Amino acid sequence: MSYRKRTALALATAVAGSVVLITAPAAQASVVDVNYNCKTPIGAKSAVSPIDIKAVKSGSSYNVTMSFQKGVSSSPVALGAGAMNPSALINLGGADKGTIAVKGPANTAEIPANSPIKISDLSGTYVPKANGKVTLTAGVLTIKALGTVTTCTASNSPGPSLELDVTGAAGSGGSTSGGSTGGGAPASLPKTGPLDSAVALGTLGGTVVLVGAAGVLWLTRRNQRA
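Here the residue numbering is sequential within each chain, running from 1 through the sequence in written order. Only residues with pLDDT of 70 or above have their local features reported here, since the model is predicted, and side-chain atom pairs are shown and tallied only from 80 upward, although totals for entire chains, interfaces and linings are computed over all residues. Hydrogen atoms and water are omitted, and side-chain values are computed over all heavy atoms in the structure.

### Topic: the environment of V34
Counting from the N terminus, the helices are DSSP H or I runs at least four residues long and the strands are E runs at least two residues long. Among the structural elements, V34 can be located in strand β2 (residues 32-40). Each C-alpha atom of the pair V34 and V72 lies 9.6 Å from the other, and the pair is 38 residues apart in sequence. Only heavy atoms matter for contacts: two residues are in contact if any of them lie within 4.5 Å across the pair. Excluding its chain neighbours within four sequence positions, the residues that come into contact with V34 are A47, V48, S49, I51, A138, A154, N156 and P158.

Structural data, given as structure tokens:
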């Protein structure tokens with residue numbers, strides 16, 4: 001095999017290995033059934049709703065969304081548009097502790113009397129304070145409507161709906177997004193030219209080689225001189 005072909009194969013292998021590292025999954029999610037016991041102005045009610053929690057990283061924080069797939073309470077009177085306002089807490093576990101406050105918009109359509117109250121998606125922001133695996137579990141749900149407050153708590157000790165692999169947490173002594181991790185390795189890789197739109201650095205045999213257009217040109221000229 002010629003020197004040029006061996007070089008191209010080595011660079012392609014390095015690029016492929018770098019892409020795998022960048023796209024490795026950092027979260028595990030599952031829909032969890034939560035048995036809510038609700039204290040309402042007219043007595044106790046209960047219902048089971050599957051809960052889905054998602055998180056999208058944004059800088060050094062996460063945008064969190066909590067979704068309810070079924071209604072968890074009802075009202076003896078009809079609730080007009082805008083009459084019901086939901087909010088909830090998400091419990092943190094694992095490497096981080098505390099809660100995340102999430103809330104959603106008021107109902108856009110009337111909710112008929114004695115029918116399940118559909119909770120809109122609730123959203124909030126999670127700012128990690130520790131590195132490691134962090135679990136997110138459905139906590140207390142609060143429904144405000146017509147001057148009343150209904151509080152719903154989980155009675156079945158539900159498992160986490162989401163597990164995040166947090167790195168670069170603020171205040172943890174680790175580096176923040178855009179800094180360096182793992183003893184100086186770049187957290188984000190620069191782009192160097194049209195020949196390399198995804199990865200600019202690859203590692204081969206413990207040596208860092210430039211994979212962009214400039215690197216290819218340097219290798220070609222070196223080969224011609226040889």
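What follows continues from the structure just given.
### Brief notes about the packing of aromatic side chains
Think of it this way: a Phe, Tyr or Trp ring, Trp meaning its six-membered ring, pairs with another when their centres are within 6.5 Å, and the plane angle makes it stacked under 30 degrees, edge-to-face over 60, tilted otherwise. One pass over the structure, following the stated rule, counts two aromatic pairs. Relative to F68, the ring of Y36 lies with its centre 6.1 Å away and its plane at 35°, an arrangement referred to as tilted. Note that Y36 is positioned in strand β2 and F68 in strand β4 (residues 61-68), a separation of 32 residues in sequence.

### With respect to the pairing of strand β5 (residues 84-94)
Here, any two strands with at least 2 DSSP bridges between them count as paired. Bridge analysis of β5 against strand β8 (residues 132-145) gives 10 bridges, and the strand direction is antiparallel. From the neighbouring strand, N85 faces β8, where its bridge partner is K144. Judged from the six bridges that link them, β5 and strand β6 (residues 98-103) form a sheet pairing that is antiparallel. Bridge pairing in β6 places L92 opposite G98. Connecting β5 to the next strand, β6, in antiparallel fashion are three residues.

### Examining the environment of N63
Examined against the element boundaries, N63 turns out to sit in strand β4. Between the alpha carbons of N63 and T125 there is a distance of 4.9 Å; along the sequence they are 62 residues apart.

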